Amino acid sequence: MLLVELEQSVQQIKRVGPATARAFARLGIVTERDLLLHLPRDYHDRTITRSISEARDGVECNTVAEVIAHDTIGWGRKKTLKVYIKDASASAALICFGRDFLATRLKPGVRIRLAAAFSYRYGELQSSSFEFEEVDSPPALFGRVLPVYPLSEGLTQSIVRSAVAHVLDTSARHIEDAIPQPLRRTRTLRSAQEALRAVHQPETREEAEQARRTLAYEELFLQQMRLLLRSPTRASRSRRPKLPDKLRERAVAALPFALTDDQKQVIVEIIADLNGPTVSARLLQGDVGSGKTLVAFLTALPVIEAGRQVALMAPTELLARQHANTAENMLGPLGIRVCLLTGSIPARARQPLLEAVADGSAQLVIGTHAVFSDATRFNDLGFIIVDEQHRFGVSQRAALVQKGRDADLLLMTATPIPRTLALAFYGDMETSTIRSLPPGRQAIRTHLARMSNEHKVYQTVRRELTSGRQAYFVYPLIDPSDRSEMKNAETMYDRLQREIFPDCSVTLIHSRVPEEEKRERMEQFVQGRTQVLAATSVIEVGVDVPNATCMVVEHAERFGLAALHQLRGRVGRGEHQSYAFFVYSDDLSEDAKARLRILHRTSDGFAVAEEDLRMRGPGDLIGVRQSGFFRLHAADLTRDADLLDTARQDARNLCDSDPTLASQPLLKRLVEIHDHMEARAV
Ligand code: ADP
Ligand code: MG
């Protein structure tokens, strides 16, 4: 059995009932596999003894102590047990909040093994977070290195430790290795089974770290393997004439503005790829609003002029539609046939479109992935562009690539990622970057506002609306259904229309609004017939309405950095001064506060991405879809860059010598399972 096959629910584990299973689910842990991959965030080394007087600054003591006496602090219901103890070095007090029952175990005279972090309060050493066991019992929490797990409400360290131990002693015994034996030897890797045990129940911290690196290597190796197997290879192609460039020149001449230097540069790079001797894959990075779409259309032109087709895949129907409109306006006059394929087009209307794609008369085909993955056949697909690429998995990309013949691939993303991440997630891919925004854009003014001050925000928005501008309001929830205290789009839509902006026309968009209706409402907003758009983060990517100058995100603390940055990018797209208001509620964590401050400080997407990486770690990079593919459990790319390099090298060597993995049936199966998981997750 491979690790990925441990699909049993955690609820099968001894002593894990429905409530605990729900608590696990809050951490994304549903199966035994998830549990094994829930790695400790730290360890307590309880092999080193440390007396009470030696424990300082959050370092735990690890000592044998004797209970001296009991006392209580507080009154009535709030009465709390206080237990005086001493070891050879000092005496101290244990404050037992909500644990009065400890009085019977901690009787005066009892000797205990004790681990506790003390601080000086009221002239004595106190601890309210401690672990202990009676000296007479065999050591369970002492004399070893203990894992410390990330928890959620309803979980304790001991629940997680015992659940993990149970899986290690049962299902995990059947885990087989997928990494080829010779590689294990050269890279001195332990078996997967041993590594999992050692990472959860190490003898020493060093052993734990070694085990983590083994798991990290496996993760990265597998990821690189999948990239190599599923991504277009750099196959060489037959020589062909240089692509014509007349159409592109005409399109550029017809633009109402000049291209930025960065745009010109990346266009040169992409067209060089298209003319190159091998099939190319390139990642185009550029902050929101930097003009990637235009680059996409312009580079599509030489391919179309040469008589071949171009496909553009967008993550949402909204965005696909908008791209189709832009393309129609810009390319229609050049006589190019643009075709929009989306899931909401009824079968009857779709048939002729599919035929146009199949016979080649549809020259630029724009759609969502659902459309490209079914029976769509191209006559001669030569160039594939994927917008907001981080929303797609490798296998979706691969499915599209297979519809072409030696088709070049251009991936576009507004979530810029540091080099190590780019390598891990995209493999060897050239990158082009648009660093500067088009001229004339005014910097967006970002304001942070407390929920209780929201009326001031509404005032500013009203002023903008009065001078003819438009505004977005974004909420974390669709409707009040889950009885949350949080504001939701439905209810606020009502309030915005009735109470706050009664003179304006307000509209509503979220994922449960039917496509047809969504399209209608968006169209009205684009044309300025509605002034205020209440929405969820569905409008996060791509929506382009230059007259909109206000982006208000309520409960901003609920959104990740990248999402907020993307949302902010919906304004500041025209000539007018624009504003982003991030409205936060009072129960704001330190983390959330730090996130909002970053956005307040900088509007540079690259800086935001770096901060995001630093704060959250790459495994969790928001904006990058948490699919089976992208989720890293053990690898930490800020620390494991060296591992990534070896894993890449090893994967490439294996791929070169055995491109179909015929000699590696287990590895092959692992790759397939991951494809499957990814398809399910996206
Ligand atoms: P991205 O996809 O990179 O977020 P878009 O392609 O949507 O950005 O472009 C944002 C806006 O900027 C669009 O309205 C587009 O027409 C405009 N734009 C693109 N390039 C330029 C340019 N060189 N000068 C002025 N405006 C531009
Ligand atoms: Mg875009």
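Analysis parameters
- Residues numbered from 1 in each chain as written.
- Chains lettered and ligands numbered in written order.
- Predicted model: local features only at pLDDT ≥ 70, side-chain atom pairs only at ≥ 80, totals over all residues.
- Heavy atoms only, no water.
- Helix = DSSP H or I, 4+ residues; strand = E, 2+ residues; numbered from the N terminus.
- Rg over C-alpha atoms; globule rule 2.2 N^0.38 Å.
- Buried < 20%, exposed > 50% of the residue type's maximum accessible area, 1.4 Å probe, protein only.
- Phe/Tyr/Trp six-rings, centres within 6.5 Å; stacked < 30°, edge-to-face > 60°.
- Contact = heavy atoms within 4.5 Å.
- Axes fitted to C-alpha atoms, helices over the stretch in contact; angles between N-to-C directions.
- Parallel < 35°, antiparallel > 145°, perpendicular 65-115°, else oblique.
- Left-handed = near helix turned anticlockwise from the far one by under 90°.
- Nonpolar A, V, L, I, M, F, W, Y, C, P; charged D, E, K, R; others polar.
- Near = heavy atom within 4 Å.
- Polar contact = N/O pair within 3.5 Å; in protein donor to acceptor, adjacent residues only side chain to side chain.
- Areas by Shrake-Rupley, 256 points an atom, 1.4 Å probe, with all protein chains shown as cover.
- Pairing = 2+ DSSP bridges.
- Core = buried A, V, L, I, M, F, W, Y, C linked by side-chain atoms within 4.5 Å.

Caption draft 1: View of the overall build of the chain. Along the backbone of the chain there are 23 helices and 22 strands. For 682 residues, the compact-globule estimate of 2.2 N^0.38 gives 26 Å, and the C-alpha radius of gyration of the chain, at 29 Å, lies within 12% of that figure. When the backbone C-alpha atoms are referred to their principal axes, the chain occupies close to 95 × 70 × 45 Å. Evaluated residue by residue, the chain yields a buried proportion of 55% over its 682 residues.

Caption draft 2: Here's a closer look at the packing of aromatic side chains. Summed over the entire model, instances satisfying the criterion amount to seven aromatic pairs. Ring geometry for Phe130 against Phe132: centres 6.4 Å apart, planes inclined by 35°, an arrangement best described as tilted. Using a relative accessible area of 6% as the deciding quantity, one classes Phe130 as buried. Consider the rings of Phe473 and Phe501, whose centres lie 5.8 Å apart with planes at 55°: the pair is tilted.

Caption draft 3: Representation of the side chain of His565 within the structure. Mapping His565 onto the fold places it in helix α19 (residues 561-568). Contact partners of His565, with chain neighbours within four places excluded, come to Asp287, Val288, Leu599, Ser603, Asp604, Gly605 and Val608.

Caption draft 4: How the structure looks around the packing of helix α6 (residues 192-200) against helix α7 (residues 205-230). For the pair α6 and α7, interaxial distance at closest approach is 8 Å and the crossing angle is 135°. In terms of axis orientation, α6 runs oblique to α7. In the packing of α6 onto α7, the handedness of the crossing is left-handed. Where α6 approaches α7, its residues Ala192, Ala195, Leu196, Ala198 and Val199 are matched on the opposing element by Glu207, Ala208, Ala211, Arg212, Thr214, Leu215 and Glu218. Here the residues of the contact of α6 with α7 are counted per class, giving eight nonpolar, one polar and three charged.

Caption draft 5: Expanded view of the site of ligand 1. Near ligand 1 there are 17 residues, and of these Gly289, Lys292, Thr293, Arg441 and Arg573 occur at the shortest range. Ala258 places a polar main-chain atom, nitrogen or oxygen, 2.9 Å from a nitrogen atom of ligand 1. At a separation of 2.8 Å, an oxygen atom of ligand 1 approaches a polar side-chain atom of Thr293. Burial of ligand 1 by the protein amounts to 83% of the accessible area it has alone, namely 570 Å². The biggest single contributor to the shell around ligand 1 is helix α10 (residues 292-305), with three residues. Residue composition of the shell around ligand 1, grouped by class: six nonpolar, six polar and five charged.

Caption draft 6: Representation of the sheet that holds strand β20 (residues 532-535) in the model. As summarised here, the arrangement of the six strands in space is β17-β22-β21-β18-β20-β19, forming an open sheet in which the pairing is parallel. Of all strands in the sheet, those bounded by a partner on one side alone are β17 (445-450) and β19 (506-509). Sheet twist, expressed as the average angle between the axes of neighbouring strands with direction ignored, equals 20°. Looking at chain direction, β19 and β20 are connected through four bridges and run parallel. Paired with Leu508 across the bridge in β20 is Ala534. Relative to the sheet, helix α16 (residues 454-466) contacts β17, β18 (470-474), β20, β21 (548-554) and β22 (579-584), its axis offset from that of β21 by approximately 160°. Seen against the sheet, α19 touches β17, β18, β21 and β22 and runs at an angle of roughly 155° to β21.

Caption draft 7: The arrangement of the pairing of strand β14 (residues 381-386) in detail. Within β14, six of the six residues are buried, leaving the element largely enclosed by the surrounding structure. When strand β11 (residues 309-314) meets β14, the two strands line up parallel, connected through five bridges. Counted as the bridge partner of Ala311 is Ile384 from β14. As judged from the five bridges shared by β14 and strand β15 (residues 404-413), these two strands associate in the parallel manner. Bridge pairing in β15 places Phe383 opposite Asp408.

Caption draft 8: Looking closely at the nonpolar core. Ranked by internal contacts, the top residues of the largest apolar core, which has 62 residues, are Phe24, Leu35, Leu36, Phe221, Met225 and Leu667. Residue assignment for this core shows that the elements contributing at least two residues are α1 (18-25), α2 (32-36), α4 (157-169), α6, α7, α22 (641-657) and α23 (665-681). Grouped together as the second largest cluster of nonpolar side chains are 41 residues, Leu255, Ile271, Phe297 and Ala324 included.

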